[in-house]
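These are the residues of each chain, in order.
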Amino acid sequence: MDRIPPIQGRRGRPHYRPRKLHADKAYDHRHCRRACHRRSIRPRIARRGVEASQRLGRHRWVVERTFAWLNGFRRLAIRYERRADIHYALTVLGCAMICFNHLKHGF
């Protein structure tokens, strides 16, 4: 969480951290919640055995869908590249191709 780049969009001083963090039940630990509170981030973590994760599902769906789109590129689904910079470049290229296809065909 400390390595999150500044969030841009509004004029003024950039925000360096998100206001909320959405996570599933795998992150339901005291140390995860404490780490969020120390950084002034409100955790939205589903509790094990208490809270259904369906409420968090609408936020996580966007991330899972994007990962599924990126897995459509074989070189990203099976990581053949050993160098991180090449893998990063292929990931950026995959994201650009996904955006281009959606702009071309419409959402």
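Since the model is a prediction, treat every value here as computed from it, not as a measurement.

1. Observations concerning helix 1 (residues 30–38)
Residues lying three or four places apart along an α-helix face the same way, a consequence of the helix completing one turn every 3.6 residues. If you check which residues of helix 1 are buried, you get Cys32, Arg33, Ala35 and Cys36. Projection of helix 1 onto a plane perpendicular to its axis shows the buried side chains occupying an angular sector of 160°, all on one side. Helix 1 presents Arg30, His31, His37 and Arg38 as exposed residues on the side facing more than 90 degrees away from its buried surface. Packed against the buried residues of helix 1 are strand 1 (20–23) and strand 2 (42–45).

2. Observations concerning the pairing of strand 1
As a general feature of sheets, a regular strand has side chains that alternate between the two faces. Where strand 1 meets strand 2, 4 bridges bridge the pair, whose relative direction is parallel. When the bridges of strand 2 are listed, Leu21 appears paired with Pro43. Regarding topology, helix 1 serves as the crossover connection from strand 1 to the parallel strand 2, and that connection is right-handed.

3. Topic: the pattern of salt bridges
Applying the stated criterion across every chain yields a total of 2 salt bridges. Between Asp28 and Arg33 there is a salt bridge, with the nearest N and O atoms lying 3.0 Å from each other. The exposure classification of Asp28 matches that of Arg33, with both residues buried.

4. Things to note about unusual backbone geometry
Of note, Ser40 is a non-glycine position whose phi angle comes to about 60°, a positive value. With respect to the element layout, Ser40 can be found in the loop between helix 1 and strand 2.

Rules used throughout
- Residues numbered from 1 in each chain as written.
- Predicted model: local features only at pLDDT ≥ 70, side-chain atom pairs only at ≥ 80, totals over all residues.
- Heavy atoms only, no water.
- Buried < 20%, exposed > 50% of the residue type's maximum accessible area, 1.4 Å probe, protein only.
- Helix = DSSP H or I, 4+ residues; strand = E, 2+ residues; numbered from the N terminus.
- Arc of directions from axis to C-beta.
- Contact = heavy atoms within 4.5 Å.
- Pairing = 2+ DSSP bridges.
- Right-handed = clockwise from strand over helix to strand, strands pointing away.
- Salt bridge = Lys/Arg side-chain N within 4 Å of Asp/Glu carboxyl O.

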